[in-house]
Amino acid sequence: MRACPGRWPALAVIFALAACSAPPPPATGPRPVVVEAPRPLFGPAGGEVLPGAIHARVEVELSFRVPGKVAARKVDMGAHVERGALLAVLDPVDARLNLAAARSTVAAAEADVALARAEEQRYRDLRARSFVGQSQLDQRINLTRLAEARLNQAQSQFDLAANQSRYTNLTADAAGVVTQIMVEPGNVVSAGQPVLRFAADGEREVYVNVPEGRIDNLRQADNIVIEVLNNPGHSYRGRVRDIDPQADTATRTHLARVTLVDADEHVQLGATATVLLSAEAQAHSFRLPATALGSIDADRPAVWRIRDSDKGATVEAVPVEVLRYLDGGVLISGPLSADDRLVSAGVHRLSSGMAVQAILRTDKAAL
């Protein structure tokens, strides 16, 4: 059967038209965005920002009062202990031998005193019958006093040895946390050598290094707010306890201790903290992650706020003023409130009126 000559060009045209027609684009839904609320600063936004770390008000290095070999360590680093808890033990053999020797010395001194008193009484009787002179009696009286003095000395040495035998046990003077271990069983330590570092329960402080020339800003601050890294979204009131008058020779900074007035269980030893200062309270000041800051144009910083409507959630740009850049954060001032929801990531892909799906940063879907 012979093919029609005009059939193949027609089929080619049909295939070409089918290849050029692209499938319709898929419908795009709202863009998922991570949101969080701005954190009001209540005043310290325009002042100093000082990084620091959490410490206990009372931190000491505990040590044995006698030398010896460490026989056992009863606690680990990070353990919380009560007052009187046993922390470490020295080998007690030497202390027991010293105590036994001191006890024997006391017994010998007591025998000498008994003999001296008997001799004195005998010479008193002889003196009453004029068989000996007064000088001989005085000599016996002096020997009795000497024996009694030696007994007192031996008794004091026995008490000292008894105390030293108890010093082989290192106990906690107060309830607190063991923050550092410096020796292990088998180490030979001298008297007063640090064995472990101990932080007592009670007040917590932030240690900050203040540069020279900015100490007055800390002393004269009307508002001191402390933020702890492991408890985001919560602020604590602070109070300056003391500032070292002498600067560090290497860094030329002064160590300042700022007390957390209302510390709670979230304030952990060693946690990173930030001390925020200001001389005057400022309204509409907030702290945000650095990733939440965008711009409307090159000269106008802005944040993106979620707007809810019957048709769904959209975003709008809100111009703000940048007060200070922080490590991983930014302090801003603008027409915001603590109830707003701001986009905290991917702001460079947004435009005004864009439909979005808000996901809270605390939700599992945002992690």
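K.L.:
Please set out the overall build of the chain residue by residue, giving values where relevant.
P.N.:
From N to C terminus, the chain includes 4 helices and 24 strands. Across the 367 residues of the chain, 34% fall into the buried class. A sequence separation of at least 24 residues applies to 73% of the contacts in the chain between residues at least 6 apart. Accessible area of the chain: about 22,000 Å², with a carbon and sulfur share of 52%.

K.L.:
Can you tell me about the layout of surface pockets, naming the residues and giving the values?
P.N.:
In this structure, the second largest pocket encloses a volume near 200 Å³. Of all the secondary-structure elements, those providing two or more residues to the lining of the second largest pocket are strand 5 (68-73) and helix 2 (93-128). If one sorts the elements of the lining of the second largest pocket by residue count, helix 2 sits on top with 4 residues. When the residues that make up the lining of the second largest pocket are grouped by side-chain class, the tally is 4 nonpolar, 4 polar and 3 charged.

K.L.:
Now, about the pattern of salt bridges: what can you tell me, with residues and values included?
P.N.:
Oppositely charged side chains can pair when the atoms bearing their charge come close. By the definition in use, this model includes 19 salt bridges. In this structure, arginine 57 engages glutamate 203 in a salt bridge whose closest nitrogen and oxygen atoms are separated by 2.8 Å. Here arginine 57, found in the loop between strand 3 (49-56) and strand 4 (59-63), pairs with glutamate 203, found in the loop between strand 11 (194-200) and strand 12 (204-211); they are 146 residues apart in sequence, far enough to count as distant. When its relative accessible area of 38% is taken as the criterion, arginine 57 is described as partly exposed.

K.L.:
Before we move on, can you summarise helix 3 (residues 134-166) with the specific residues and values?
P.N.:
With 33 residues, helix 3 should reach 48 Å at 1.5 Å per residue; the first-to-last C-alpha distance of 48 Å fits that figure. Listed in full, the buried residues belonging to helix 3 are Leu137, Ile141, Thr144, Ala147, Leu151, Ala154, Phe158, Ala161 and Ala162. Buried residues along helix 3 sit against helix 2.

K.L.:
Could you give an account of the packing of helix 2 against helix 3, with specific residues and numbers?
P.N.:
One way to put it is that helix 2 packs onto helix 3 with a least axis distance of 8 Å and a crossing angle of 165 degrees. In terms of orientation, helix 2 and helix 3 fall into the roughly antiparallel class. The handedness of the crossing between helix 2 and helix 3 comes out as left-handed. Taken together, the residues of the contact of helix 2 with helix 3 sort by class into 17 nonpolar, 9 polar and 11 charged.

K.L.:
Which residues make up the packing of aromatic side chains, and what values do they have?
P.N.:
A full pass over the atoms with the stated rule returns 0 aromatic pairs. One residue, arginine 257, lies across the ring of tyrosine 207, its end atom 5.3 Å from the ring centre.

K.L.:
Explain helix 2 residue by residue, including any values.
P.N.:
Residue pairs three or four apart in sequence face the same way in an α-helix, which turns once every 3.6 residues. Taking 1.5 Å of rise per residue, 36 residues should cover 52 Å, and helix 2 covers 53 Å from first to last C-alpha, within 8% of that figure. By the burial criterion, the buried members of helix 2 are Ala95, Leu99, Ala102, Val106, Ala109, Val113, Ala116, Glu119, Glu120 and Tyr123. Along its buried surface, helix 2 packs onto helix 3. Residue serine 130 follows helix 2 closely and has a positive phi angle near 65 degrees.

K.L.:
Describe the environment of isoleucine 141, naming the residues involved and giving the relevant values.
P.N.:
Mapped onto the elements of the fold, isoleucine 141 is located in helix 3. Take isoleucine 141: its relative accessible area is 15%, and that puts it in the buried class. Ignoring any residue separated from it by four or fewer positions in sequence, one finds isoleucine 141 in contact with Glu120 and Arg124.

K.L.:
Provide a residue-level description of the sheet that holds strand 21 (residues 321-325), including the pertinent values.
P.N.:
Strand pairing in a sheet relies on backbone hydrogen bonds. The paired strands run either parallel or antiparallel. Reading across from one edge, 2-17-22-21 is the order of the 4 strands in this open sheet, with antiparallel pairing throughout. The two strands at the open ends of the sheet, each matched to only one other strand, are strand 2 (39-40) and strand 21. Pairing between strand 21 and strand 22 (residues 329-333): 4 bridges, direction antiparallel. Across the sheet, the residue bridging to tyrosine 325 is valine 330, located in strand 22.

Rules and cut-offs
- Residues numbered from 1 in each chain as written.
- Predicted model: local features only at pLDDT ≥ 70, side-chain atom pairs only at ≥ 80, totals over all residues.
- Heavy atoms only, no water.
- Helix = DSSP H or I, 4+ residues; strand = E, 2+ residues; numbered from the N terminus.
- Buried < 20%, exposed > 50% of the residue type's maximum accessible area, 1.4 Å probe, protein only.
- Contact = heavy atoms within 4.5 Å.
- Areas by Shrake-Rupley, 256 points an atom, 1.4 Å probe, with all protein chains shown as cover.
- 1 Å grid on protein atoms, 1.4 Å probe; cavity = no way out; pocket = protein on both sides within 12 Å on 5 of 7 lines; lining within 4 Å.
- Points joined across faces, edges and corners; volume = space filled by probe spheres on them.
- Nonpolar A, V, L, I, M, F, W, Y, C, P; charged D, E, K, R; others polar.
- Salt bridge = Lys/Arg side-chain N within 4 Å of Asp/Glu carboxyl O.
- Expected span 1.5 Å × (residues − 1).
- Axes fitted to C-alpha atoms, helices over the stretch in contact; angles between N-to-C directions.
- Parallel < 35°, antiparallel > 145°, perpendicular 65-115°, else oblique.
- Left-handed = near helix turned anticlockwise from the far one by under 90°.
- Phe/Tyr/Trp six-rings, centres within 6.5 Å; stacked < 30°, edge-to-face > 60°.
- Lys NZ or Arg CZ within 6 Å of the ring centre and 35° of its normal.
- Pairing = 2+ DSSP bridges.

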